[in-house]
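Structural overview
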Amino acid sequence: ETGIRVTIIDLEGNVLVDSIKDPTKMDNHIYRKEVRKSLNNLYGFSIRHSDSIGIEYIYLARKMKINDEELILRLAVSLEKTNKEVFYFWLKILGFATTVIIITLLVTLMINKKIISELEKILTQAQDISNKKTPKKIKQFLIKEFEKISNTLIEAGEKLKDIDKERSKYTGKIKLRNRQQKEMLSALSHEFKNPIAIIKGYCETIMEDDVSLKIREKFLQKILTNTNKLNGMIDRFSLALKLETDDFALKPSRFNFKECVEDIAESLQTKYKDREILVDVEDLEIEADKTLIEIVITNLIDNGLKYSQDSVSINLKKGIFTVKDNGIGIEKEEIDKITKKFYRIEKLNWNNSMGLGLFIVYYILKLHKVKLEISSKKDKGSKFSFDLSKLKK
């Protein structure tokens, strides 16, 4: 049934049993290559033409005990049969691989279609907020980051709705509330729309065009990068809301301020490779919320690098930390406004990530009972500083 030829040979080479030919009519097999090898090794192997049958065989022989007698058991299968089986095996492998590729493509198309659908729903939510409508809650998302964006938009919509309700109670703050609402919507629309449009464009390209795997991977990486960007903006927006409403508990710990500054400066140097960051910071142990202090340092240094073409100096002497740049500077009348939420100096083309950077810095330092000092001159640069003496315990 298996097509395997079976031969039993004694240790002198006499054929005792053969499943195809009469053993009495067969020659002595002691000099057969596979038989000789099996006498001294675990098994013997050869591929050759069978003199007794007249076709090519693959032989495998092994010495073993049969009824307490040492004999050689030899199995053989025709080479033609083996070749056919190998050929059919590769046909099966090819068929399986083709099936897997087709399934993968179909799944990818389905996922891309789902991503585009979810992005369109998020854009609809943003449009509803722009139109002062309550955005509808989306039940289920394929990507968690999109769910987070959607929930944040809903929260923003609900907060805006609450602001509208409060207008009737606080008539004196109507103009202020209107301005905050417009700035919030403008920030959300401006910051969210571009990454979402990029993600949508890459998804549509993957679905509509016959792109290579390498290009597909590149596009998916772009989608991931912009998704992370959206996630980062959401985190900043969420942090700003918590700070403003005092819904944030400090987690103080003791750490070396110098090491913290040097680590952040080194990290930003990789982002701004063609810029110079000058660090002159003395050793100082402080007790504060390290995560929040790192946000403060990062925002101040990053601002200096963004709005200056020259080097940025970081200094800590006698407990006073200073970040100084030689950039475009700030008008005197603008200095008191730049720490407000969503405030941007539009005429100077400042892109301040929804206008939250210095707002977050101001509130974090306020939580630590530390005041942010700002001095600047138009076209001569800016200096941001604060006193760490209250944090030395």
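None of the values given here were measured: they were computed from a predicted structure.

Attention shifts here to the overall build of the protein. Counting secondary structure elements, the protein contains eight helices and twelve strands. Burial status across the protein gives 39% buried among its 393 residues. In the protein, of all internal contacts separated by at least 6 residues, the share reaching a separation of at least 24 is 59%.

Ordered by their spatial adjacency, five strands build an open sheet running 7-9-10-12-11, and the pairing between neighbours is mixed. Two strands in the sheet have a free side with no partner beyond their single neighbour: strand 7 (277-281) and strand 11 (373-377). When the angles between neighbouring strand axes are averaged without regard to direction, this sheet yields 10°. Bridge analysis of strand 7 against strand 9 (residues 312-317) gives five bridges, and the strand direction is parallel. By the bridge assignment, isoleucine 277 is partnered in strand 9 with valine 312. Against the sheet, helix 6 (residues 257-271) touches strand 7, strand 9 and strand 10 (320-325), its axis set at about 175° to strand 7.

Let us look at helix 2 (residues 79-130). Between the first and last C-alpha of helix 2 there are 76 Å, a value that for 52 residues agrees with the 76 Å anticipated at 1.5 Å per step. All of the buried residues along helix 2 are Thr82, Asn112, Ile115, Ile116, Glu118, Leu119, Ile122, Gln125, Asp128 and Ile129. With its phi angle positive at about 60°, lysine 132 sits one or two positions after the end of helix 2.

With that settled, the discussion passes to the nonpolar core. Core analysis: the largest hydrophobic core is formed by 40 residues, its most contacted members being Phe257, Ile297, Phe321 and Phe386. Dropping the residues within four chain positions of it, isoleucine 297 is found in contact with Phe257, Cys260, Val261, Ile264 and Phe321. Residues Ile115, Ile138, Phe146 and Leu160 belong to the second largest nonpolar core, which totals 20 residues.

This part takes up the environment of isoleucine 47. Mapped onto the fold, isoleucine 47 is located in strand 3 (residues 44-49). For the pair isoleucine 47 and glutamate 34, spaced 13 residues apart in sequence, the C-alpha separation works out to 8.9 Å. The residues touching isoleucine 47, leaving out its near neighbours within four places in the chain, are Glu56, Tyr57, Ile58 and Leu79.

Helix length check: helix 7 (residues 290-306), at 17 residues, gives a terminal C-alpha distance of 24 Å against a target of 24 Å (1.5 Å per residue), a fit within 8%. Those residues of helix 7 lying buried are Leu292, Ile293, Val296, Ile297, Asn299, Leu300, Ile301, Asp302, Asn303, Gly304 and Leu305. The N-cap of helix 7, judged by a side-chain oxygen 3.2 Å from the amide nitrogen of threonine 291 a few residues on, is aspartate 289.

Once that is clear, we can look at the packing of helix 6 against helix 7. Look at helix 6 against helix 7: their axes get within 10 Å of each other, and the N-to-C directions meet at 40°. What the angle tells us is that helix 6 and helix 7 run oblique. Crossing geometry of helix 6 relative to helix 7 is assigned as right-handed. Across from Phe257, Cys260, Val261, Ile264, Leu268 and Lys271 in helix 6, the residues of helix 7 making contact are Ile293, Glu294, Ile297, Thr298, Ile301, Asp302 and Leu305.

Looking now at a nonpolar patch on the surface. Taken together, the side chains of Leu42, Tyr43, Phe45, Ile47 and Leu60 make up a nonpolar region of the molecular surface, amounting to roughly 510 Å² of accessible area. Classification of isoleucine 47 as partly exposed rests on a relative accessible area of 48%.

Although it is not a glycine, lysine 318 sits at a positive phi angle of roughly 55°. Inspection of the secondary structure assignment puts lysine 318 in the loop between strand 9 and strand 10. Its relative accessible area of 80% is what places lysine 318 among the exposed residues. Phi angles above zero are rare outside glycine, and lysine 369 is one such case at about 60°. Along the chain, lysine 369 falls in the loop between helix 8 (357-367) and strand 11. Residue lysine 369 is classed as exposed on the basis of its relative accessible area, which comes to 64%.

Looking at where serine 78 falls in the secondary structure, it is placed in strand 5 (residues 69-78). With relative accessibility at 16%, the residue serine 78 sits in the buried group. Setting aside chain neighbours within four positions, we find serine 78 in contact with Ile55, Glu56 and Tyr57.

If you walk across this open sheet you meet the five strands as 2-1-5-4-3, and the pairing is antiparallel. Looking at the sheet topology across the chains shown, the edges are occupied by strand 2 (15-18) and strand 3. Within the sheet, the average angular offset between the axes of one strand and its neighbour, ignoring direction, is 25°. Relative to strand 2, strand 1 (residues 5-9) runs antiparallel, the two sharing three bridges. Bridge pairing in strand 2 links isoleucine 9 to valine 15. Packing of helix 2 onto the sheet brings it into contact with strand 3, strand 4 (56-66) and strand 5, and relative to strand 5 it is tilted by some 60°.

Under the defined criterion, the tally for this structure stands at seven aromatic pairs. The interplanar angle of 50° and the centroid separation of 5.3 Å between the aromatic rings of phenylalanine 321 and phenylalanine 386 together place this pair among those described as tilted. Here phenylalanine 321, found in strand 10, pairs with phenylalanine 386, found in strand 12 (residues 381-387); they are 65 residues apart in sequence, far enough to count as distant. Accessibility classification places phenylalanine 321 together with phenylalanine 386 in one group, the buried group. Chaining the aromatic ring pairs together yields one cluster made of Phe257, Phe321 and Phe386.

Cut-offs applied
- Residues numbered from 1 in each chain as written.
- Predicted model: local features only at pLDDT ≥ 70, side-chain atom pairs only at ≥ 80, totals over all residues.
- Heavy atoms only, no water.
- Helix = DSSP H or I, 4+ residues; strand = E, 2+ residues; numbered from the N terminus.
- Buried < 20%, exposed > 50% of the residue type's maximum accessible area, 1.4 Å probe, protein only.
- Contact = heavy atoms within 4.5 Å.
- Pairing = 2+ DSSP bridges.
- Axes fitted to C-alpha atoms, helices over the stretch in contact; angles between N-to-C directions.
- Expected span 1.5 Å × (residues − 1).
- Core = buried A, V, L, I, M, F, W, Y, C linked by side-chain atoms within 4.5 Å.
- Polar contact = N/O pair within 3.5 Å; in protein donor to acceptor, adjacent residues only side chain to side chain.
- Parallel < 35°, antiparallel > 145°, perpendicular 65-115°, else oblique.
- Left-handed = near helix turned anticlockwise from the far one by under 90°.
- Patch = residues over 30% accessible without salt bridge, like charges linked within 9 Å, V, L, I, M, F, W, Y side chains within 5 Å.
- Areas by Shrake-Rupley, 256 points an atom, 1.4 Å probe, with all protein chains shown as cover.
- Salt bridge = Lys/Arg side-chain N within 4 Å of Asp/Glu carboxyl O.
- Phe/Tyr/Trp six-rings, centres within 6.5 Å; stacked < 30°, edge-to-face > 60°.

Any link to function would need more than the numbers given here.
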